Amino acid sequence: MGKRRKARELVLQNLYAFEISGNPIEAVIEALSPFACEDEELFDFAAALLRKTIHNSEILDRHVVETVKNWKFERIALLDRLILRLALCELLFF
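A. The overall build of the protein chain, seen in detail. In terms of regular secondary structure, the protein chain is built from five helices and zero strands. Each helix and strand of the protein chain, placed in order from N terminus to C terminus, yields the pattern α-α-α-α-α. Whereas a compact globule of 94 residues would reach a radius of gyration of roughly 12 Å, the protein chain reaches 13 Å, a difference of no more than 12%. Each of the three principal axes of the protein chain carries a C-alpha extent, and together these read 45 × 25 × 20 Å. Among the 94 residues that make up the protein chain, the fraction classed as buried is 34%. Put simply, of all contacts in the protein chain between residues at least 6 apart along the chain, 69% involve residues at least 24 apart. As displayed, the protein chain offers around 6100 Å² of accessible surface, 56% of which is attributable to carbon and sulfur atoms. Separation between the mean location of the 13 positive side-chain charges and that of the 15 negative ones in the protein chain comes to 7 Å.

B. The arrangement of the confidence of the model for the protein chain in detail. Chain-level pLDDT for the protein chain is 88 on average; 94% of the residues reach the 70-or-more range. Ranking the elements of the protein chain by mean pLDDT puts helix H2 (residues 25-36) last with 75 and helix H5 (residues 78-93) first with 96.

C. Just the nonpolar core, in detail. Among the nonpolar cores identified, the biggest contains 19 residues, and Val11, Leu15, Leu49 and Leu50 are the most heavily contacted of them. Listing elements by their share of this core, those giving two or more residues are helix H1 (3-21), H2, helix H3 (40-55) and H5. It is H3 that contributes the most residues to this core, seven residues altogether. Setting aside its immediate chain neighbours within four residues, leucine 50 contacts Val11, Asn14, Leu15, Val28 and Ile29.

D. Representation of H5 within the structure. Look at H5: 22 Å from first C-alpha to last across 16 residues, which is about the 22 Å you get at 1.5 Å a residue. Those residues of H5 lying buried are Arg81, Leu82, Arg85, Leu86, Cys89 and Glu90. For H5, the angular spread of the buried residues around the axis is 160 degrees, confining them to a single face. In this structure, the buried side of H5 is in contact with H1, H3 and helix H4 (57-67).

E. Quick peek at the side chain of aspartate 61. Mapped onto the secondary structure, aspartate 61 falls in helix H4. For aspartate 61, the side chain forms a polar contact with the side chain of arginine 85, separated by 2.7 Å. Apart from the residues within four sequence positions on either side, aspartate 61 is in contact with Phe73 and Arg85.

F. Main features of a nonpolar patch on the surface. There is a patch of nonpolar side chains on the surface, built from Ile59, Leu91, Leu92, Phe93 and Phe94 and spanning about 470 Å² of accessible area. Broken down by element, the residue count for the nonpolar patch peaks at three residues, all from H5. Following the sequence through the fold, isoleucine 59 ends up in helix H4.

Parameters and conventions
Residues numbered from 1 in each chain as written. Predicted model: local features only at pLDDT ≥ 70, side-chain atom pairs only at ≥ 80, totals over all residues. Heavy atoms only, no water. Helix = DSSP H or I, 4+ residues; strand = E, 2+ residues; numbered from the N terminus. Rg over C-alpha atoms; globule rule 2.2 N^0.38 Å. Buried < 20%, exposed > 50% of the residue type's maximum accessible area, 1.4 Å probe, protein only. Contact = heavy atoms within 4.5 Å. Areas by Shrake-Rupley, 256 points an atom, 1.4 Å probe, with all protein chains shown as cover. Lys, Arg positive; Asp, Glu negative; His and termini not counted. Charge placed at Lys NZ, Arg CZ, Asp CG, Glu CD. pLDDT = per-residue confidence, 0-100. Core = buried A, V, L, I, M, F, W, Y, C linked by side-chain atoms within 4.5 Å. Expected span 1.5 Å × (residues − 1). Arc of directions from axis to C-beta. Polar contact = N/O pair within 3.5 Å; in protein donor to acceptor, adjacent residues only side chain to side chain. Patch = residues over 30% accessible without salt bridge, like charges linked within 9 Å, V, L, I, M, F, W, Y side chains within 5 Å. Salt bridge = Lys/Arg side-chain N within 4 Å of Asp/Glu carboxyl O.

Put into structure tokens, the structure is as follows:
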């Protein structure tokens with residue numbers, strides 16, 4: 001498995017943890033480090049992607065809302081919303 005793919009999986013898991021737990025961003029990033037500690041490049045990319053996705057979630061959600069037709073944003077499953085945020089964040093900000 002490629003490094004970026006592994007980083008995206010870690011970010012998705014931590015985005016879900018962030019949404020469910022309500023913990024601060026830094027606590028979620030701290031939880032990320034044991035999984036990525038063997039590869040500093042992987043950790044740096046994952047941490048940056050996680051931060052940008054969380055900080056820009058309102059902007060990213062607006063993109064989704066503007067794009068979906070005949071579908072309320074609240075009806076999109078949480079995991080699907082997180083995947084969309086993650087993908088849009090990487091496309092727009094990386």
